[in-house]
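Inside the fold
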Amino acid sequence: MYRDALREAIDEEMAANPLVFIIGEGIAERGGSYKVTEGLLGKYGPKRVRDTPIAEAGMIGVGVGAAIAGARPIVEILYVDFAMLGMDMLVNQAAKFRLMTGGNGRVPFIMRTQGGTGGGVAAQHSQSLEAMFYHVPGLKVVIPSQPADAKGLLKYALRQQDPVIFLEHKHLYMTKGPVPEGELVIEFGKADIKRPGKDVTIIAWSNMVPRALEAAAKLAEEGIEAEVLDPRTLVPLDKEAILASVAKTNRVVIVQEAVRRGGVASDICSIIQEEAFYSLDAPVEIVAGLNIPVPFNLELEKASVPQVPDIIAAARRTLHLQPRALAAQ
Amino acid sequence: MPASAKRANAPSAELLEKLFRTAYKIRVFETEGIKLYRQGLIRGYFHPYLGQEGIATGVCAALSEGDIIASTHRGHGHCIAWGADVKKMVAELLQKESGYCRGYGGSMHIADISKGNLGANGIVGAGTPLGVGAALANQIKGNDAVTVTFSSDGGSNNGTFLESLNLAAIWNLSYVLVIENNHYAVSTRIEDSTREPDLYKRGLAIGVESHQVDGNDPLAVYHLMRDAVQKCREGKGPILIEAKTFRHMGHHVNDPGKYMPEKELAHYKERDPVDRARNALTEMTGIDKSQIDAIEEAIRKEFDDAVEFSKASREITLAEFQQFIDSY
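Moving on: the overall build of chain B. For chain B, the count of helices and strands is 14 helices and seven strands. In terms of C-alpha radius of gyration, chain B reaches 20 Å, essentially the compact-globule figure of 20 Å for 328 residues. Overall, chain B is about 60 × 50 × 40 Å in size when its C-alpha atoms are taken along their principal axes. In chain B, which comprises 328 residues, the share counted as buried stands at 54%. Within chain B, contacts between residues separated by at least 24 positions form 75% of all contacts whose residues are at least 6 apart in sequence.

Another point: the sheet that holds strand 7 (residues 239-244) of chain B. Backbone-to-backbone hydrogen bonds pair the strands of a sheet. The strands run either parallel or antiparallel. Residues and elements named next belong to chain B. With respect to topology, five strands assemble into an open sheet ordered 1-2-3-7-6, the strand pairing being parallel. Each end of this open sheet is capped by a strand with a single partner; those strands are strand 1 (68-70) and strand 6 (209-214). Each strand of the sheet is rotated relative to its neighbour by a mean of 20 degrees, with strand direction disregarded. Sheet analysis places strand 3 (residues 175-181) next to strand 7, joined by six bridges and oriented parallel. In the strand pairing of strand 7, glutamate 180 is matched with alanine 243. Together, strand 2 (147-152), strand 3 and strand 7 form the strand contacts of helix 3 (residues 53-61), whose direction differs from that of strand 3 by roughly 165 degrees.

With that settled, consider the domain arrangement of chain A. Residues and elements named next belong to chain A. When its domains are assigned, chain A resolves into domain 1 (2-169) and domain 2 (192-318). Its C-alpha centre places domain 1 at a distance of 27 Å from the equivalent point of domain 2. On the side of domain 2, 23 residues touch domain 1, which itself brings 23 residues to the contact. Going through the elements one at a time, helix 7 (130-134), strand 5 (140-142), helix 8 (147-157) and strand 6 (164-169) are the ones with two or more residues in the side of domain 1 that touches domain 2.

All right, on to helix 11 (residues 264-275) of chain A then. Residue and element names in this part refer to chain A. Between its terminal C-alpha atoms helix 11 stretches 17 Å, which fits the 16 Å expected from 12 residues at 1.5 Å a residue. By the burial criterion, the buried members of helix 11 are Val264, Ala265, Ile268 and Ile272. What you see down the axis of helix 11 is that its buried residues fit within an arc of 100 degrees, all on one side. In helix 11, the exposed positions angled more than 90 degrees off the buried face are occupied by Ser270 and Glu274. Residues of helix 11 that are buried sit in contact with helix 7, strand 8 (200-204), strand 10 (233-235), helix 10 (239-249), strand 11 (252-259) and strand 12 (285-289).

Residue and element names in this part refer to chain A. Pairing is mixed across the open sheet formed by seven strands, whose spatial order is 2-1-3-4-6-5-10. The sheet is open, and its two edges are formed by strand 2 (49-51) and strand 10, each paired on a single side. Taken pair by pair, the neighbouring strands of this sheet meet at an average axis angle of 20 degrees, ignoring direction. In the sheet, strand 4 (residues 110-115) pairs with strand 6 via six bridges, with the strands oriented parallel.

Right, let's talk about the interface of chain A and chain B for a bit. At the junction of the two partners, chain A supplies 32 residues and chain B supplies 31 residues. For the side of chain A that touches chain B, the secondary structure elements donating two or more residues are helix 3 (56-68), helix 5 (87-94) and helix 6 (97-100) of chain A. When grouped by side-chain class, the residues that make up the side of chain A that touches chain B number 16 nonpolar, 13 polar and three charged.

A:Ile202, A:Ala212 and A:Ala315 are the most contacted members of the largest nonpolar core, which totals 190 residues. Tallying contributions element by element places helix 2 (residues 13-38) of chain B first for this core, with nine residues. No fewer than three residues from each of domain 1 (2-169) and domain 2 (192-318) of chain A sit in this core.

Turning to the confidence of the model for chain B, a few remarks are in order. Chain-level pLDDT for chain B is 95 on average; 98% of the residues reach the 70-or-more range. With a pTM of 0.96, the predicted complex shows an ipTM of 0.95.

This part covers helix 2 of chain B. Given a rise of 1.5 Å per residue, 26 residues ought to cover 38 Å, and the 37 Å separating the end C-alpha atoms of helix 2 of chain B matches this to within 8%. Positive backbone phi, at 85 degrees, marks B:Gly40, one or two positions downstream of helix 2 of chain B.

Here we take up unusual backbone geometry. A:Pro236 follows A:Val235 through a cis peptide bond whose omega is 0 degrees. Tracing the chain through its elements places A:Pro236 in the loop between strand 10 and helix 10. Look at A:Ser206: it is not a glycine, yet its phi comes out positive at around 55 degrees. Mapped onto the fold, A:Ser206 is located in the loop between strand 8 and helix 9 (208-221). Even without a glycine there, the phi angle at B:Arg102 is positive, about 60 degrees.

Procedures and definitions
Starting from 1, residues in each chain are numbered consecutively following that chain's sequence as written. To read the labels, note that chains go from A and ligands from 1, taken in the order they are written. pLDDT decides what is reported in this predicted model: residues at 70 or higher carry local features, side-chain atom pairs at 80 or more are listed and counted, and totals for whole chains, interfaces and linings draw on all residues regardless. Here a strand is any run of E in DSSP of at least two residues, a helix any run of H or I of at least four, and the numbering for each starts at the N terminus. Radius of gyration means the value over C-alpha atoms here, while the globule rule gives 2.2 Å times the residue count to the 0.38 power. Any residue with 12 or fewer other C-beta atoms within 10 Å of its own C-beta is exposed, any with 20 or more is buried, and the rest are partly exposed; the C-beta atoms used are placed from the backbone. Our contact criterion uses C-beta atoms placed from the backbone: two residues qualify when those atoms are within 7 Å. For two strands to be treated as a pair, DSSP must find no fewer than two bridges joining them. Every axis in this analysis is a line fitted to C-alpha atoms, fitted for helices over the stretch in contact. Angles between the N-to-C directions lie between 0 and 180 degrees. Residue ranges labeled as domains rest on an automatic or database domain assignment. The span you would expect from a helix comes to 1.5 Å times its residue count less one. By definition, the arc is the one covered by directions from the helix axis to the C-beta atoms. Throughout, the ten residues Ala, Val, Leu, Ile, Met, Phe, Trp, Tyr, Cys and Pro are labelled nonpolar, Asp, Glu, Lys and Arg are labelled charged, and all others, Gly among them, are labelled polar. By convention the nonpolar core is taken to be a set of buried residues drawn from Ala, Val, Leu, Ile, Met, Phe, Trp, Tyr and Cys and joined through C-beta atoms within 7 Å. As a per-residue quantity, pLDDT reports the predictor's confidence and falls between 0 and 100.

What follows is the structure, given as structure tokens:
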């Protein structure tokens, strides 16, 4: 499972490097709200696995300081929504330190957190905020959709030198998937084709990947072969893989759970229109969350973020099998 | 106290000279730096440490190699007291490649990571969590290094003050938080910012050993800090020190500081930290005026040489900048 893969990555790197440590709310004795850190306290002791008070700005800042001073902190923030309390430390400190010091200082800091809708946890526990971090030069943004990616990317994060925002998804922790035996390290900036296809490229990340795969399976029943591309890291972004897929399919749907306005999908869309305009046989489709806070009511929550039929409809539109919706009045 | 013990505790001539040299060097750096600013050679912001020299001087004299400091936007004094190379500091202010940050950082971001200076900081209060983090890193590494954050009355009203000092406390970190209480957050009086202007009491409230000292007395700061460092190395940290002081001018070079009452300013100027360091040296060691003059002359020459060095240095090129463009 996704959460076990994350734990394996932390466990293996803690065993290999005594400078790796983890702090967060309820992560020690309790093993974390999502059980990612279960068992680590017993194995590595209270010096390297620490509970913190509810003090996000402080704990993120302390993590950044520890990284500058040469340790390898992982700071677990319960919800990405709560990371907003620590934005100064991420945006003004961690992200800028390398440049401000002329390249002399490095910040090998990792903030692990999770986002997304989760079945009625309402507006302050449901956000997908990757665009906030994507916008800030200096932060790496990692957003795995499958257990093997989660493990390999987290291990890589613990070996590189820059601040990493590691975004998990609350719906993915219990999902299953194969994780290869032995050493698994996945470099940043390498997209993965989760399903090959020739008719339309569906670009999706995090919990939108399983939805895109479900949509692709349904499209296949109609004879449409959709390719599902998961960038896995948004910064750095594997532009080459995206452009190669577009060159093959000539049609693109970008799916994000985050709100549409100012999102990563829009930026990927701009890259495609700039660099692959003449490959396109249809306008790029973006399927995204509505520009609103996520409501508590389950039906409204569902209506707020992309669902499988939305992805299918968008793919059909790129193939001119379905009329484009008129612009909102 | 027996006479022998009293003598053992008396400051050595070496220490007194060191305190004076440091305080005077900061004074020269800031006074001459302002001239360079007025000449247009230094651009951007420049927050002088004039009047507060006693704090950085006393604190850093009690630290050793391997210890770590985190500074503020008013950070030149901390750098100098920490032993920074004045040449590389001036070069940074003149945005030259030979500067500490190769001209990428400027006055508010001078840092020397390899030597344990985590840097000045443009965000008031941000050095507190960063310093606590460095102390945590040292605890993880298992060494007995002490980390010091210089913060301020302004910084102490930021939320991270409580959050991070509290973390240092529950984890027993080897950490000293020095609050330079210069009475003003930019232009707002401390009395207008809090109902309790004796800021050391905030440490007491969360179980942190806390002290107050006259920040304009370098020797008093040194003695308090020496004890704090000792306690930290024995695992009895963290410790908070509030050092009362007063700026000699406004918040930055272009702030005339008209809101600062003349009488109060005069009171602190009569207790000028550089004069006090000089007086302590002459009174306690009997060093004569010509020797003091020689020390001052050498420090002024060091600064002039640094200016010449910096003027002769080149700026970073756009081609070199590409390194960052490509990797960000």
